[in-house]
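# Coordinates in review
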Amino acid sequence: MSELSQKKAAEKTLKIITGILRTLFLLGMTYVLLYPVLFLLSNAFRDPVDRLDPTVIWIPKTLTFQNFILADQLIGFKNSIIMTLKILIPSVIIQIFVCLMVAYGFARFKFKGRDALFALLVFTIVVPTSTIIIPLYVKFHFFDFFGIGQLLRPFNHGKAVSINLLNTSWPFYLMSLTGVGLRSGLYIYMARQFFKGMPVELEEAAFVDGCGPFKTFLKIMLPNVGSIVIVITLFSIVWHWNDYYLSVMFFTDEYPLSVNVTLLQDRLQLLSTNMSAADMALSENSILEASCFVVILPLLILYIFCQKYFTESITRTGLVG
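Please read all numbers here as calculations on a predicted model, not as lab measurements.

### Remarks on the packing of helix α4 (residues 114–126) against helix α8 (residues 184–196)
It is the contact of α4 with α8, at a shortest axis distance of 8 Å, that shows an interaxial angle of 130 degrees. The angle between α4 and α8 falls in the class oblique. Where α4 crosses over α8, the handedness of that crossing is left-handed. On the side of α4, the interface is formed by F118, L121, V122, T124 and I125, while α8 contributes G185, L186, I188, Y189 and R192. Residues of the contact of α4 with α8, tallied by class, amount to 7 nonpolar, 2 polar and 1 charged.

### A word on the side chain of S169
Following the sequence through the fold, S169 ends up in the loop between α6 (148–151) and α7 (170–177). Setting aside residues up to four positions removed in sequence, S169 forms contacts with K86, I87 and F251.

### Here's the deal with the confidence of the model for the protein chain
Per-residue pLDDT for the protein chain has a mean of 84; in total, 91% of the residues score no lower than 70. At the low end of the mean pLDDT range in the protein chain sits helix α14 (residues 264–267), at 76; at the high end sits α7, at 94.

### Points about the environment of K215
The residue K215 is located in helix α10 (residues 213–221) in this model. In this structure, the C-alpha to C-alpha distance between K215 and P256, residues 41 residues apart in sequence, is 38 Å.

### Topic: the nonpolar core
Soluble, globular proteins show a tendency: their nonpolar side chains are buried together. Among the nonpolar cores identified, the biggest contains 46 residues, and F68, L100, A191, F195, I228, I232 and L257 are the most heavily contacted of them. Among the elements that take part in this core, helix α3 (residues 77–108) stands out by supplying 10 residues, more than any other. With residues near it in sequence (within four places) discarded, A191 still touches L100, A103, I228 and I232. Among the nonpolar cores identified, the runner-up in size contains 17 residues, and M83, F250, Y255 and V259 belong to it.

The rules we used
Residues numbered from 1 in each chain as written. Predicted model: local features only at pLDDT ≥ 70, side-chain atom pairs only at ≥ 80, totals over all residues. Heavy atoms only, no water. Axes fitted to C-alpha atoms, helices over the stretch in contact; angles between N-to-C directions. Helix = DSSP H or I, 4+ residues; strand = E, 2+ residues; numbered from the N terminus. Parallel < 35°, antiparallel > 145°, perpendicular 65-115°, else oblique. Left-handed = near helix turned anticlockwise from the far one by under 90°. Contact = heavy atoms within 4.5 Å. Nonpolar A, V, L, I, M, F, W, Y, C, P; charged D, E, K, R; others polar. pLDDT = per-residue confidence, 0-100. Core = buried A, V, L, I, M, F, W, Y, C linked by side-chain atoms within 4.5 Å. Buried < 20%, exposed > 50% of the residue type's maximum accessible area, 1.4 Å probe, protein only.

Okay, here's the thing in structure tokens:
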């Protein structure tokens, strides 16, 4: 065999080995990522009797929706989802527009204190929400319309004019409107980097045609930033849908879906009057897993239909990690 043939054979062998290793790695990563979802799905539809059957591992012998029915009785999926959507939809819309507008200002305009403000913005990304939760709680419990209520003390017998916004969706709306909503700092940073990479000639042409800064932002910049809008929208939806910390602080009577699922463990005791202790022990995990599956199902569907656009957007925005 000639030296050229040996070299080609070695390259072919290396290519085959590399392909096998790559396939094994992808299969392993797929298993690690899908295992929790498949495990959740298997147990959510499993009859309690199948838990005692050692031959049942993945596919239940008896498919049942009883776990979902019991979970619905304790949580109230319909009301919880409606409440979550009332928080999510307006907050996401407001947050996207505000974050893009603030990011455009940081990227294109020079003003006094810009660098200091941007440093504070980056600081909000790394500071956990728990450090400011008490001021937020007090602020929305005695909301004084951004200080206007304090100025009205002389006209209200020396008392500040305030209203209680707790147990409403307004804290989320106002936080999104003022640029301090869930992960708003991160979204502004991402959008700012995207705007900085856009050609200045677009704005110069708009200014020549008589467009002001705001009209240029609406008519020229926004139509050209679809990639970052998709990324921010998906991130914002996921974080608002899964939010627990702020929701459990701002609501005390009724809770959105993410909080109700965490309270399910305590509410399971309500079923003890209709179920024996043995049935309760067997059904407990299945009910919990059924409720968790309901929570993640909309996000799974969203990702299945949007993963192509999301992946393309991530590539165009240059986000890694």
